[in-house]
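Summary of the model geometry
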Amino acid sequence: MKRAIALLMSLAMLLALLAGCGGRNQADAGTANQGSRANADSNTSGDVGTTRSGNQAVVDDNKVYIGYVTHLTGSRSALGDYGKTTIDAWVDYTNKNGGILGKEVEVVWFDCVDDIQTAINAYELACEDERLSAVSLSTYSQNCIAVLDMADSHQMPTIMGGSGDAINVGNEYVWITRPLDSAAGQAMVTYMGKLGLSNPVIVHNTLSSCQPGAESLAAALKDAGYDFDESAMMFRYEDSETNFAPMVARLQESGADCMLFFGNQADGANVSKAIQDAGWDVPKIGNSTISHANTIGAILSKLGIPTGRAFRSGKSIRRGLKRCWNWENR
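Source: prediction; values computed, not measured.

**Regarding the sheet that holds strand S10 (residues 284-286)**
The parallel open sheet is built from four strands, whose spatial order is S8-S7-S9-S10. In the strand order of this sheet, the two ends are held by strand S8 (234-237) and S10, each with one partner. Across the sheet, the mean angle separating the axes of adjacent strands is 20° when strand polarity is ignored. As paired elements, strand S9 (residues 258-262) and S10 share three bridges and run parallel to each other. Within S10, the position partnered with Leu260 by the bridge is Ile285.

Written as structure tokens, this is what we have:
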């Protein structure tokens, strides 16, 4: 059991590799499938409720099935691509080393494309798949928040990739692998200080899932003694924004010596690209991460190396994963 828990914790870390605050882009007209299932050999979504393989496995085939709801198509498909590559490598390694509890592992993929409703539908499909012992969900916080009640009603053990504080409500079937957004502000400000910077500008997404993090960032600056004027040095953008050049021009005029960014991965990359294109040479500090020392440390601990704790949902990692994999009727 100790070895099985260690393997499951490794999976939990891998399922968090796409970490970001959360965001919602409009889906392309050609990718508006409302929650679809795709097999592990395809990065494109199928019709609603269908499998790419056309080949449903029986529940008693001596395998451990894990659902993974991510961005296989649409404007965020790059996140799904590199996440899938990582998960595929983990599955290959795990199966070559005895699987989980002596059973072969298979991941069933569900496409959440770009928007919340598609994510809800995809997660519901996963919950209805009786083969699954657990599900991992998108790293975008609002997607996770939207299905909290569903996780409870379906009693589906779910590892969520989002970091929004609203996810941390004590749901019995939900675990998160990342520090909460409210803790990110202090860390970013501390790092800014180590770089010797003192006049930051904050750029953040207006999504409700990003707002608490941006507010904690501004509060952390003031708590650390920085003279930060929110009315002049805090810049907001709508989630649908794609042209950041005008905003970057205003950032340059502000006289800031660095940018503190709070939003999702794609937006952060686009803002950074716009800054580069404008020739504005300033440090950029963001909230999006791909893994966290606590998660990695907990895995090492379960392998016999004492270190810190992992999940931030108020439940121990051992209890959570034990519950997931003792789920006899799934």
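**Focus on the nonpolar core**
Counting 36 residues, the largest nonpolar core has Val201, Ile202, Val203, Met247, Leu251, Met259 and Leu260 as the members making the most contacts within it. Elements supplying a minimum of two residues to this core: helix H6 (181-194), strand S7 (200-205), helix H7 (211-223), S8, helix H9 (245-253), S9 and helix H10 (265-278). Formed by 26 residues, the second largest nonpolar core is a distinct cluster that contains Leu132, Leu137, Met156 and Ile176.

**So, unusual backbone geometry**
Only a minority of non-glycine residues have a phi that is not negative, and only a minority of peptide bonds are not trans. The residue Leu101 is not glycine, and still its phi comes out positive at about 55°. Within the element layout of this structure, Leu101 appears in the loop between helix H2 (77-96) and strand S3 (104-111). Overall, Leu101 belongs to the partly exposed group, its relative accessible area being 45%. With phi around 50°, Val113 is a residue other than glycine that occupies positive phi space.

**A few points about the side chain of Ser138**
Tracing the chain through its elements places Ser138 in the loop between strand S4 (132-137) and helix H4 (141-146). A relative accessible area of 2% places Ser138 in the buried class. Side-chain polar atoms of Ser138 contact the side chain of His71, separated by 3.2 Å. A polar contact of 3.0 Å, which involves the side chain of Ser138, links it to the backbone nitrogen of Tyr140. Each residue touching Ser138, except ones within four places of it in the same chain, is listed here: Val69, His71, Cys112, Asn143, Cys144, Gly161 and Gly162.

**Considering the confidence of the model for the protein chain**
Per-residue pLDDT for the protein chain has a mean of 74; in total, 69% of the residues score no lower than 70. Across the protein chain, H9 holds the top mean pLDDT of 96, while helix H12 (residues 317-325) sits lowest at 40. This stretch, residues 16-34, has a pLDDT under 50; its non-local contacts, to residues over four places away or in other chains, come to 85 contacts.

Rules behind the numbers
Sequence positions are assigned chain by chain, starting from 1 and proceeding in written order. The predicted origin of the model limits local features to residues at a pLDDT of at least 70 and limits the giving and counting of side-chain atom pairs to 80 or more, whereas totals for whole chains, interfaces and linings rest on all residues. The side-chain values count all of the structure's non-hydrogen atoms but skip hydrogen atoms and water molecules. Strands were regarded as paired on the criterion that DSSP finds at least two bridges between them. For helices the rule is a DSSP run of H or I covering at least 4 residues; for strands it is a run of E covering at least 2, with both sets numbered from the N terminus onward. Simply put, an axis is a line fit to the C-alpha atoms, just over the touching stretch for a helix, and the angle between two N-to-C directions goes from 0 to 180 degrees. Put simply, a nonpolar core is a bunch of buried Ala, Val, Leu, Ile, Met, Phe, Trp, Tyr and Cys residues held in one set by side-chain atoms that sit within 4.5 Å of each other. Classification of residues uses two cut-offs on accessible area relative to the type maximum, computed with a 1.4 Å probe and protein chains only: under 20% is buried, over 50% is exposed, and between them is partly exposed. In protein, a polar contact requires one atom able to donate a hydrogen and another able to accept it; more generally it is a pair of N or O atoms within 3.5 Å, and residues adjacent in sequence count only if both atoms are side-chain atoms. Any pair of residues with heavy atoms lying within 4.5 Å of one another is described as a contacting pair. Confidence scores here are pLDDT values: one per residue, from the predictor, ranging 0 to 100.

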